[in-house]
Amino acid sequence: MIAIIGGSGLSQLSNLDITRREVVRTPYGEPSGALQFGHLCDQRTVFIARHGYGHTIPPHAVNYRANLWALKQAGAEAIISVASVGGIAEHLGPGTVLIPDQIIDYTWGRKATFFDGGDSPVVHVDFTEPYNPELRQRLLAAAKRSGEEVVDGGTYAATQGPRLESAAEVNRLERDGAHVVGMTGMPEAVLARELETPYAAILLVSNHAAGRGLSAHGIQMEAIEVTLKQAMGRVHRLLQSFCSSCT
Ligand code: HPA
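Residues numbered from 1 in each chain as written. Predicted model: local features only at pLDDT ≥ 70, side-chain atom pairs only at ≥ 80, totals over all residues. Heavy atoms only, no water.

A. Region of interest: helix 5 (residues 221-244). End to end, helix 5 covers 34 Å across 24 residues, agreeing with the expected 34 Å (1.5 Å per residue, within 8%). Taken as a whole, helix 5 carries its principal kink of about 35° at A231. (Helix = DSSP H or I, 4+ residues; strand = E, 2+ residues; numbered from the N terminus. Expected span 1.5 Å × (residues − 1). Bend = angle between axes of the 7 residues up to and from the residue.)

Quick look at the structure:
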C-alpha cells in the first residue's frame, strides 16, 4: 500500500475514492487527522493531511512521529510526501514541480526521532541519501509517462517556520547549497528512514523565496494560493500515473 502525505493545497486527494476513514492513536500521540483509505487507480492508498483537514496545524506543531507511525502501522510500504516550497534558484519559479534528492535541516525543537532513549540501544540511521533513490526513480518515470515536466533533484532546506524567511536567510540557504525552502521536510524524512519505509517527495514551488524574483519585496500569500490551485492538478496527474504503474 502506498501512503501519501498531503501538504498545503492538498488536504484532500480528489481522485482517491475513499472507502474507509480511521482515527488512529499511536504511542506518540494523535496524528494530524483520520487516515483515509481508498484506491488511486486500483492501487491501495492511504492518505493523511499533514496540517489537518481544516489546515489548522502549523509546520512546527505537526506530530510527525504520530503521522509516520500511523501510516506504517496501517501497512504503508512507501510514503510519498507532497509539499509546497519557495524556489531559491532562479529557474525554480512558481508552478515548478521538483523531486528533491537532498535535505538540509534547519528546524529545531521538534520531536525528530523514534530512538529517544529508554531501554533500547542507541541507533544512528544512515541518512546519506535522505530520499529513497528507487522511489525517486519511480516518481520520475511516472512523470515521464504522464508528460508532466519535473525537475530531477535539488536540495530542500527545512526551516522552522511558521514565519517565512528574511531575504538574508534565503541568501544564506543558497550559499549552503539549497535550491528550495519549506517547513515540513524534517523530521518527516528521517522518521520514515527510522521506520525503514521508503520515502520520497513531490515538491511544488508555490512562490519565489523571500527577496527573489516576484518576492523581491515580499511574499504575496494570495499569489501562493492561486499557484497552488493552478498547479496541484499536475501533482494529481503525477500521483495518478505513479499509482497506475504500481499494479
Ligand atoms: N519558505 C518556506 N516555506 C515555504 C515557502 C517559502 O518561501 N513557500 C512554501 N512553503
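B. Region of interest: the pattern of salt bridges. Within the structure shown, the criterion is met by nine salt bridges. E22 is the partner of R20 in a salt bridge, and the nearest nitrogen-oxygen pair spans 2.5 Å. Of the residues examined, E22 reaches a relative accessible area of 32% and is grouped as partly exposed. The partner of R212 in a salt bridge is E174, and the shortest N-O contact between them spans 3.1 Å. Of this pair, R212 sits in the loop between strand 11 (199-208) and helix 5 while E174 sits in helix 3 (residues 167-176), and the two are 38 residues apart along the sequence. Residues joined in a network through salt bridges with shared partners are E148, R234 and R237. (Salt bridge = Lys/Arg side-chain N within 4 Å of Asp/Glu carboxyl O. Buried < 20%, exposed > 50% of the residue type's maximum accessible area, 1.4 Å probe, protein only.)

C. Structural view of the nonpolar core. Counting 41 residues, the largest nonpolar core has I202 and L239 as the members making the most contacts within it. Of all elements in the fold, only strand 1 (2-6), strand 4 (43-49), strand 5 (78-87), strand 6 (97-99), helix 2 (133-146), helix 3, strand 11 and helix 5 reach the threshold of two or more residues within this core. By residue number, the principal contributor to this core is helix 5, which donates nine residues. Leave out the neighbours within four places in its chain, and I202 touches I80, S81, V82, A83, V97, L98, I99, L139, V235, L238 and L239. By size, the runner-up hydrophobic cluster in this structure holds 36 residues, among which are L68, I79, Y131 and M186. (Core = buried A, V, L, I, M, F, W, Y, C linked by side-chain atoms within 4.5 Å. Contact = heavy atoms within 4.5 Å.)

D. Structural view of helix 1 (residues 64-74). Here helix 1 has its buried residues at Y64, R65, A66, N67, L68, A70 and L71. Here the buried face of helix 1 lies against strand 1, strand 3 (35-40), strand 4, strand 5 and helix 4 (185-194). Just beyond helix 1, the residue with positive phi is G75, at close to 110°.

These results come straight from atomic positions and should not be treated as a statement about function.
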